[in-house]
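Remarks on the overall topology
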Amino acid sequence: MQKLFNNITEWIVHIPDAFRKSETEDEFGIRLRKHKRAMYIRTALLIVLGIALIFVLINIYTHWTYRSYEVIESEDVFDSVSGYVAIHDRVLRYSPDGAVLLKSDMEEEIWNESFNMTQPTLESSSEAILIYDKRGTDIHVYNMEQKLGSFITNSPILFARVSANGNVLAAVEDGEGTQIIYYNSKGEEIAAISPSPTKYGYPLSMAVSEDGNMVAVSYVMTDNGVIGSRLAFYNFGSAGSDKEDHLMAAEEFTETLIPDVRYFGGTELIAFTDSGFMVYKGSGTPKRKEDVKIGRDIVSFFCDESRLAFIFRCDEVGHRYTMDVYNHGGKLLNTEYVDIIYDKGHFSNKEL
């Protein structure tokens, strides 16, 4: 390899001499000129090879697929109804009978709580954990160290979200449709939104910012038989104190569904549509910054604080699915094949 490198350098060094006009020059000057030229070329080649090597290593690391695994810790499961979720460096086990937060070794308990639910459902934020009884009325709120509070709603819960400080946003059934109620972790009502079904539609998804001030709600609506969506932004801080229902802005979309909305990094909201995603930013009146159209039927998606993954069926022989990974700015980072039957996916640090 070294010999090949030297031969290439020597060959490049002599190229200019083939086109150089004959002139008077002593042997020392010729040797000095060729030596300097060789040093420049050798340095340039080393830089190019170094960049190429770094690119290859990054490409291998980015597209690495594991073919085996090693069990580090395990726990015996004696029932078939418990759910397990990794939250930061801890593991949450929950079932209709209660929940326990374990350290990563799955041996030491941080907290252990008993309750009785029919359909326990989990939501979490950066600092808080929400467990509620879907179609029931029980709500329990925790952080990574202890229980923050529990309470009972007056109506069955359709779905709920939690902020980092433990505030709970719950969509509940009432006699005339759906009401959105905002609670603190103790169950004290902060505000209530009663959207008119004829004006706003039916709540499909909600999101609450980390500080608990901003709320976004996606509604599904129909107009002359055409299905569409309405995305509404509310502010429960000082910016929305003088607004009716704390409503800051709303935007309507024809022939588009928004099945999920999520806040990231404070004031950034991503609205996932049936054809891609939109990115909004701003604490007062949010503005749409990106609108990414994917153009394929989305089978499923998942995300973290910096990446979004969309999975599609693949028509190529030998492959089951393809997956596109974007950043929050709408840039396509890479495309991968997914050749396994999967239930759900998630990001874990730099891996997927």
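Refer to the structure presented above.
Since this is a predicted model, take the numbers as computed values, not measurements. (Residues numbered from 1 in each chain as written. Predicted model: local features only at pLDDT ≥ 70, side-chain atom pairs only at ≥ 80, totals over all residues. Heavy atoms only, no water.)

**Some points on the packing of aromatic side chains**
What counts is decided by this rule: Side-chain rings of Phe, Tyr and Trp, where Trp is taken by its six-membered ring, are said to pair if the distance between their centres is within 6.5 Å; with planes under 30 degrees apart they count as stacked, over 60 as edge-to-face, and otherwise as tilted. Strands here are runs of E lasting at least two residues and helices are runs of H or I lasting at least four, both read from the DSSP assignment and numbered beginning at the N terminus. Residue exposure (1.4 Å probe, protein chains only): buried if accessible area is under 20% of the type maximum, exposed if over 50%, otherwise partly exposed.
As enumerated under the stated definition, the model contains 12 aromatic pairs in all. Geometrically, the ring pair formed by Phe 272 and Phe 301 is stacked, given 4.4 Å between the ring centres and 15° between the ring planes. Taken together, the residues Phe 272 in strand S18 (residues 268-273) and Phe 301 in strand S21 (residues 300-303) connect sequence positions 29 residues apart. Under the relative-accessibility criterion, Phe 272 is labelled buried at 1%. A relative accessible area of 24% places Phe 301 in the partly exposed class. These aromatic residues form a ring-pair network of at least three members: Phe 272, Phe 277, Phe 301, Phe 310 and Tyr 326.

**Some words on unusual backbone geometry**
Leave glycine aside and you will find that most residues have negative phi; peptide bonds, for their part, are mostly trans. Look at His 88: it is not a glycine, yet its phi comes out positive at around 55°. The residue His 88 is located in the loop between strand S1 (83-87) and strand S2 (90-95) in this model. Non-glycine residue Asn 224 carries a positive phi angle of around 55°. Checked against the element boundaries, Asn 224 lands in the loop between strand S14 (214-223) and strand S15 (226-235).

**Details of empty space enclosed by the protein**
Condition: As defined here, a cavity is a set of points on a 1 Å grid over the protein atoms alone where a 1.4 Å probe fits but cannot get out. A pocket is an open set with protein on both sides within 12 Å along at least five of seven lines, and residues line them when an atom is within 4 Å of a point. Grid points are joined across faces, edges and corners, and a volume is the space filled by probe spheres set on the points.
By the definition in use, this model includes one cavity of 30 Å³ or more. Together, Met 214, Val 215, Phe 233, Tyr 234, Asn 235, Met 248, Tyr 263, Ser 283, Gly 284 and Pro 286 line the largest cavity. Secondary structure elements with two or more residues in the lining of the largest cavity: S14 and S15. Residue contributions to the lining of the largest cavity peak at three residues, all from S15.

**Concerning the environment of Ile 87**
Just so we agree on the cut-off: Any two residues whose heavy atoms approach within 4.5 Å at even a single point are treated as in contact.
Within the secondary structure, Ile 87 sits in strand S1. When the C-alpha atoms of Ile 87 and Leu 102 are compared, they prove to be 9.8 Å apart, with 15 residues separating the residues in sequence. In this structure, Ile 87 is in contact with Leu 92, Ser 124, Ile 129 and Met 144, ignoring residues within four places of it in sequence.

**Let's talk about the pairing of S2**
Stated precisely, the cut-off is as follows: Any two strands between which DSSP finds at least two bridges are classified as paired.
The buried fraction of S2 amounts to five of the six residues, a majority that puts the element mostly inside the structure. Alignment of S1 against S2, held across five bridges, turns out to be antiparallel. When the bridges of S2 are listed, Gly 83 appears paired with Tyr 94. Here S1 folds back onto S2 in antiparallel fashion, the turn holding two residues, of which His 88 has a positive phi close to 55°. By the bridge criterion, six bridges tie S2 to strand S3 (residues 98-103) in an arrangement that is antiparallel. Bridge pairing links Tyr 94 to Ala 99 in S3. Taken together, S2 and the strand that follows it, S3, pair antiparallel across an intervening segment of two residues.

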